[in-house]
Amino acid sequence: MRSDEVDPVDARLGARLAELRAEHGWSLGELADRSGVSRSTLSRAERAETSPTTALLNRLCAVYGRTMSQLLSEVEAEPEAVVRSTAQPVWQDRASGFVRRSVSPPHSALRGELVEARLSPGADIAYDRPPVAGLEQHIWILEGALDVTVQDTEHHLGAGDCLRMRVWGPTRFRCAADEGVRYLLAVVRP
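Residues numbered from 1 in each chain as written. Predicted model: local features only at pLDDT ≥ 70, side-chain atom pairs only at ≥ 80, totals over all residues. Heavy atoms only, no water.

Engineer: Help me get a handle on the sheet that holds strand β8 (residues 162-167), residues and values and all.
Structural biologist: Taking strand neighbours across the sheet as the criterion, the six strands line up as β1-β2-β3-β10-β5-β8 in an open arrangement whose pairing is antiparallel. Edge positions in the open sheet fall to β1 (90-93) and β8, since each of these has one partner strand only. Across the sheet, the mean angle separating the axes of adjacent strands is 25 degrees when strand polarity is ignored. For strand β5 (residues 135-143) and β8, the ladder comprises six bridges, and the chain directions are antiparallel. Looking at β8, one finds that Glu136 is bridged to Arg166. (Pairing = 2+ DSSP bridges. Helix = DSSP H or I, 4+ residues; strand = E, 2+ residues; numbered from the N terminus. Axes fitted to C-alpha atoms, helices over the stretch in contact; angles between N-to-C directions.)

Engineer: Go over the nonpolar core with me, naming the residues and quoting the values.
Structural biologist: Across soluble globular proteins, you tend to see nonpolar side chains buried next to one another. Leu119, Ile139, Leu146, Val148, Phe173 and Tyr183 are the most contacted members of the largest nonpolar core, which has 46 residues in total. Setting aside anything within four residues of it in sequence, one finds Val148 in contact with Ile139, Thr153, Glu154, His155, Leu157, Leu163, Met165, Arg172 and Phe173. (Core = buried A, V, L, I, M, F, W, Y, C linked by side-chain atoms within 4.5 Å. Buried < 20%, exposed > 50% of the residue type's maximum accessible area, 1.4 Å probe, protein only. Contact = heavy atoms within 4.5 Å.)

Engineer: Now, about the side chain of Thr171: what can you tell me, with residues and values included?
Structural biologist: Inspection of the secondary structure assignment puts Thr171 in strand β9 (residues 171-175). What makes Thr171 buried here is its relative accessible area of 8%. Other than its neighbours up to four places away in sequence, Thr171 contacts Ile125, Ala126, Tyr127, Thr149 and Val150.

Engineer: Tell me about the pairing of strand β6 (residues 145-150), and please be specific about residues and values.
Structural biologist: Where burial is concerned, most of β6 is hidden: six out of the six residues are buried. A two-sided burial pattern is seen for β6, the buried positions comprising Ala145, Asp147 and Thr149 on one face and Leu146, Val148 and Val150 on the other. Relative to strand β7 (residues 153-158), β6 runs antiparallel, the two being bridged by six bridges. Note that in β7 the partner of Val150 across the bridge is Thr153. The pairing of β6 with β9 spans five bridges and is classified as antiparallel.

Engineer: Hey, could you go over the sheet that holds β9 for me, with residue numbers and the actual values?
Structural biologist: Here four strands make up an open sheet; going across it, the order is β4-β9-β6-β7 and the pairing antiparallel. Looking along the sheet, the strands with just one partner apiece sit at the ends: β4 (124-127) and β7. Direction aside, the axes of adjacent strands within the sheet are offset by 15 degrees on average. The pairing of β4 with β9 spans four bridges and is classified as antiparallel. Within β9, the position partnered with Ile125 by the bridge is Phe173.

Engineer: Lay out the pattern of salt bridges with the relevant residues and their values.
Structural biologist: Under the defined criterion, the tally for this structure stands at twelve salt bridges. Here Arg16 makes a salt bridge to Glu23, at a shortest N to O gap of 3.0 Å. In this structure Arg16 comes out as buried when scored by relative accessible area, which is 12%. Close ionic contact of Asp124 with Arg172 constitutes a salt bridge, the shortest N to O distance being 2.5 Å. Highlighted residues: Asp124 in strand β4 and Arg172 in strand β9, separated in sequence by 48 residues. Overall, the relative accessible area of 36% leaves Asp124 in the partly exposed class. One connected set of salt bridges, linked through shared partners, spans Arg101, Glu116, Arg118, Glu143 and Arg182. (Salt bridge = Lys/Arg side-chain N within 4 Å of Asp/Glu carboxyl O.)

What is shown is where atoms sit, not what they do.
What follows is the structure, given as structure tokens:
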């Protein structure tokens, strides 16, 4: 894809973000106040002039009461019962070095989903709040190492380790491995 071409997923995501704001009857200013994201950044994301970062999507998901996977699933096709590896949607935040594959895309009738995540060496992503309060997450490290801070408690995880948590406040994910980290994230809505 040429650098001046809009990614089709970003275009659908931008349109969905604009729809959600309209459904709530909010101006860009009102959404900026609720999310802590500038009006110009929100406007550029809605017009797909920029690919939204993980942190931006997390803030918007918190305002709209959705998980990131739920939001992304709204711009993807309805998932089948079996999702072949070649059909699993992949989204990446190039700025932070985060790549996520929806292994089992969410479905409106189900509460759980599986996500394969990769972080580049040195990647550091902080979320100021969960997209949905009380969200249950299980992080299983497949390769590499990951430092996860849940509120004020830090966990150093290596290959094979699994962290189970309920997310009520800030979290931070830092890649502690020179080769990057690959992990499975199980997400269960409350």
